[in-house]
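What the coordinates show
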Amino acid sequence: LLPFGVAAGLALGVAAFLMARRHMGMPALLRRALNKRELFLLYQPIVDLHNGRCIGAEALIRWRRADGSMVPPDVFIPVAEASGLIQRVTEQVLERVAADAGSLFADYPAFHIGINLAAADLQSTRTVELLDLLMRKTGAGAHNLLVEATERGLMDAAEVREVINAIHALGIEVAVDDFGTGYSSLSYLETFALDYLKIDKSFVDTLAIDAATSQVALHIIEMAKSLKLKMIAEGVETEAQARLLQERGVQFAQGWLFARPMTMAALREHMARQDAQ
Ligand code: C2E
Ligand code: CA
Ligand code: CA
Ligand code: CA
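Predicted, not measured: the structure shown is a model, and the values here were computed from it.

**Here's the deal with helix α6 (residues 126-138)**
Because an α-helix packs 3.6 residues into every turn, residues spaced three or four apart end up facing the same way. Look at α6: 18 Å from first C-alpha to last across 13 residues, which is about the 18 Å you get at 1.5 Å a residue. Taken together, the buried positions of α6 are Thr127, Val128, Leu130, Leu131, Leu134, Met135 and Thr138. Relative to the axis of α6, the buried residues are bounded by an arc of 160 degrees and lie together on one face. Facing away from the buried side of α6, by more than 90 degrees, are the exposed residues Arg136 and Lys137.

Put into structure tokens, the structure is as follows:
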């Protein structure tokens, strides 16, 4: 048994810690997570619908707290954006990709990794320097990377144009992410000479339900075709969706039907199994 004074002191210490934690908002917790490197990446395979083969993967960030609990990116990415921490998050994402990729691109020369960029990243030329650094560190070619930018990030501003132009100048292709979920005008599709359109899960969900509900999805596909954009459908969960997408001319897809986000080690096993087929 502890002497009373020590026990009381300990209890007070614990109480103070819990109170501090309650008062430590999400931005402070995230800042600490960045310092303690609690963020890591999972990779979700992207397949070619013609043959089902994995041709790339999207890097998806994860935050595991010291107590083992997970904070979903839908929760902390908006906090990072609002508190000015997002560029530090992106920097760690690019460092992680460099650390994870290892011999990936040497073994699979055509493989690409999709990287999510936030609005602030698209307004800073530092992002271009970091992408360039990533290529030099990993020996990746420009075709080994794909930048995913949301509609919201692709605003028509001089800074964004400069960054997108510089990314293209490196030879890296750009995808518009979550297409159709924002409210922006469509003019940016031509302004930025984008390469890929990612069809948001909310539209993929409507496919194969009935003809009426899938009209918007089908129009998005036709528009992408007329703009000569390559397409990646996200959130594909059923064979029926995959078949419909392929019939309509969508070449690439990702979703639980094919694979969930996984560690780089699991992705390497996934690729090795594919090689053995
Ligand atoms: P997103 O870029 O649209 O990523 C796709 C999300 O759909 C991922 O959620 C993925 O796990 C999920 N998903 C993929 N296939 C399926 C499926 O078949 N069914 C269902 N129900 N979900 C599927 P996740 O990993 O939770 O990421 C959520 C969002 O957080 C991302 O949406 C993206 O906006 C953001 N995010 C994730 N990683 C990063 C990052 O490194 N940087 C930035 N800036 N944002 C990130
Ligand atoms: Ca994305
Ligand atoms: Ca998306
Ligand atoms: Ca989405």
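Let us keep going from here.
**Considerations on the coordination of the calcium ion (ligand 2)**
At 2.2 to 2.3 Å from the calcium ion (ligand 2) lie its protein donor atoms, namely Glu58 (OE), Asn116 (OD1), Glu148 (OE) and Asp177 (OD). Between consecutive donor residues of the calcium ion (ligand 2), the sequence gaps follow E-x57-N-x31-E-x28-D. Distance-wise, the calcium ion (ligand 3) is placed 3.7 Å from the calcium ion (ligand 2), both being coordinated by aspartate 177. Of this pair, glutamate 148 sits in strand β5 (residues 145-150) while aspartate 177 sits in strand β6 (residues 173-179), and the two are 29 residues apart along the sequence. What makes glutamate 148 buried here is its relative accessible area of 1%.

**A short note on the coordination of the calcium ion (ligand 4)**
Protein-derived ligands of the calcium ion (ligand 4) are Asp178 (OD), Asp200 (OD) and Glu234 (OE), with the metal-ligand distances lying across 2.5 to 2.7 Å. Sequence spacing among the residues donating to the calcium ion (ligand 4) works out to D-x21-D-x33-E. Taken as an interatomic distance, the gap from the calcium ion (ligand 4) to the calcium ion (ligand 3) is 3.3 Å; aspartate 178 donates to each of them. In this pair, aspartate 178 is assigned in strand β6 and glutamate 234 in the loop between β8 (230-233) and α11 (239-247), connecting sequence segments 56 residues apart. Its relative accessible area of 12% is what places glutamate 234 among the buried residues.

Thresholds applied
- Residues numbered from 1 in each chain as written.
- Chains lettered and ligands numbered in written order.
- Predicted model: local features only at pLDDT ≥ 70, side-chain atom pairs only at ≥ 80, totals over all residues.
- Heavy atoms only, no water.
- Helix = DSSP H or I, 4+ residues; strand = E, 2+ residues; numbered from the N terminus.
- Expected span 1.5 Å × (residues − 1).
- Buried < 20%, exposed > 50% of the residue type's maximum accessible area, 1.4 Å probe, protein only.
- Arc of directions from axis to C-beta.
- Donors = N, O, S within 2.8 Å, 3.2 Å for Na, K, Ca; no water.

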